[in-house]
Amino acid sequence: MADMVFKYSTMNGGKTLNILQTAHSYNENNFKTILIKSITDTKGNDSITSRTGLSKKVDILLEENESLLTEKNYKIYYTAKIILVDEVELLNKEQIKELWMIAHLINIPVLCYGLKSNFKGEIFSEGISEAFAIADIIEEIGSSSICHCGKKATFNARKEKNEFTDVGPTIIIDDGTKEEYEYVPLCSDCYLKYVKIKSPEAQKLAKLVEKIK
Ligand SMILES: [Zn+2]
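Described in the following lines is the structure provided in the data block. The residue numbering used here restarts from 1 in each chain and proceeds along that chain's sequence as written. Residues qualify for local features only when their pLDDT is at least 70, as the model is predicted, and side-chain atom pairs are given and counted only at 80 or more; totals for whole chains, interfaces and linings, by contrast, use all residues. Hydrogens and water molecules were not included; the side-chain quantities draw on all heavy atoms of the structure.

## Section: the coordination of the zinc ion
Reference geometry at the metal: tetrahedral coordination by four donors gives ideal angles of 109.5 degrees; octahedral coordination by six donors gives 90 or 180 degrees.
Inference 1: Here the coordinating atoms are restricted to nitrogen, oxygen and sulfur within 2.8 Å of the metal centre, or 3.2 Å for Na, K and Ca, and because water is not among them the sites may look incomplete. At this site the zinc ion is bound by Cys147 (SG), Cys149 (SG), Cys187 (SG) and Cys190 (SG), with donor distances of 2.3 Å.
Inference 2: Along the chain, the residues donating to the zinc ion are arranged with the sequence spacing C-x1-C-x37-C-x2-C. Placement of the pair is cysteine 149 in the loop between β8 (137-140) and β9 (155-160) and cysteine 187 in the loop between β11 (181-186) and α5 (188-194), with a sequence separation of 38 residues.
Inference 3: Judged by its relative accessible area of 44%, cysteine 149 is partly exposed. Helix numbering and strand numbering both begin at the N terminus, where a helix is a DSSP run of H or I of at least 4 residues and a strand a DSSP run of E of at least 2. Throughout this description, buried means an accessible area under 20% of the type-specific maximum (1.4 Å probe, protein chains only), exposed means over 50%, and partly exposed covers the range between.

In structure tokens, the structure reads:
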């Protein structure tokens, strides 16, 4: 039977380009490809759009609590060679479990693309925890973005009105309508330095460093 693969990266880490390139290669060989994303992802409306200008309409725009195991959805994907799902951090636990079952019971490979952590540095959602728990293969997308210091970025920091912050709602979609918010990929060193430096743990360690010289 087929596998469910979870591919993660930071924001701007090449996920969308990877998904569109994969879809393109399958389509070139006349293999039916199914693209899925959550309706919560308002960026590009009903399409998956990369910053390089590539774009493709999704086959299933999944409602927040919609099941993939309905007759309507099954008819869309049951003859597919591959299912590609963008921004899986916006899917719930049940939807991730359904994708895994589709791979293993119907034998269609499922590639899930998403973010590992949110701007607070925590696992993004229940859906992501589920993906880590049950995916057959877990891969970091190789072209992950680079922090401004030159190290590999592993955090998705958020700026609100140009200031780094770790408070606020988990999901603010970067769809071009919320100019006060900006996402910045950072390495651990820079994430600690710019975002978490005022946290009780960082302050405690700073005091120890100061005390025991
Ligand atoms: Zn850095």
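## Points about the pairing of strand β2 (residues 33-38)
Inference 1: The buried fraction of β2 amounts to 6 of the 6 residues, a majority that puts the element mostly inside the structure.
Inference 2: Because side chains alternate across β2, one face comprises the buried residues Thr33, Leu35 and Lys37, and the other comprises Ile34, Ile36 and Ser38, equally buried.
Inference 3: When DSSP finds at least two bridges between two strands, those strands are taken to pair. Here β2 runs beside strand β6 (residues 82-85); their pairing, made up of 4 bridges, is parallel. By the bridge assignment for β6, isoleucine 36 is matched with valine 85.
Inference 4: With 3 bridges connecting them, β2 and strand β5 (residues 60-62) associate as parallel partners. Opposite lysine 37, over in β5, you have leucine 61 as the bridge partner.

## Description of the packing of aromatic side chains
Inference 1: Pairs were defined over the aromatic rings of Phe, Tyr and Trp, the Trp ring being its six-membered one, requiring ring centres within 6.5 Å. Orientation was assigned from the angle between planes: stacked under 30 degrees, edge-to-face over 60, tilted for the rest. The final tally for this structure, using the stated rule, is 8 aromatic pairs.
Inference 2: Geometrically, the ring pair formed by tyrosine 26 and phenylalanine 31 is tilted, given 6.1 Å between the ring centres and 55° between the ring planes.
Inference 3: You can call tyrosine 26 partly exposed: its relative accessible area is 26%.
Inference 4: What links up through ring pairs into an aromatic cluster is the set Phe6, Tyr8 and Phe132.
Inference 5: Here the guanidinium or amino end of lysine 159 rests over the ring plane of phenylalanine 164, the centre of that ring lying 5.0 Å away. We call a charge positioned above a ring when the Lys NZ or Arg CZ atom is no farther than 6 Å from the ring centre and deviates by at most 35 degrees from the ring normal.

## Here's the deal with the sheet that holds β9
Inference 1: Spatially, 3 strands are ordered β10-β9-β11 in an open sheet, and the strand pairing comes out antiparallel. Edge strands, defined here as strands with exactly one partner in the open sheet, are β10 (163-165) and β11. Averaged over neighbouring strand pairs, the angle between their axes works out to 45° when direction is ignored.
Inference 2: Note that β9 and β10 share 3 bridges and pair antiparallel. When the bridges of β10 are listed, lysine 159 appears paired with phenylalanine 164. Axis definition: a line fit to C-alpha positions, over the contact stretch in the case of helices; interaxial angles, taken between N-to-C directions, run 0 to 180 degrees.

## Comments concerning the pattern of salt bridges
Inference 1: Here a salt bridge means any side-chain nitrogen of Lys or Arg lying within 4 Å of a carboxyl oxygen belonging to Asp or Glu. By the definition in use, this model includes 10 salt bridges.
Inference 2: Between glutamate 139 and lysine 7 there is a salt bridge, and its shortest N-O distance comes to 3.0 Å. With glutamate 139 in strand β8 and lysine 7 in strand β1 (residues 4-9), this residue pair connects regions lying 132 residues apart in the sequence.
Inference 3: Relative accessible area serves as the criterion here: at 15%, lysine 7 is assigned to the buried category.
Inference 4: For glutamate 130, the salt bridge is made with lysine 97, and the minimal N-O distance between the two is 4.0 Å. Of this pair, glutamate 130 sits in helix α4 (residues 126-134) while lysine 97 sits in helix α3 (residues 93-105), and the two are 33 residues apart along the sequence.

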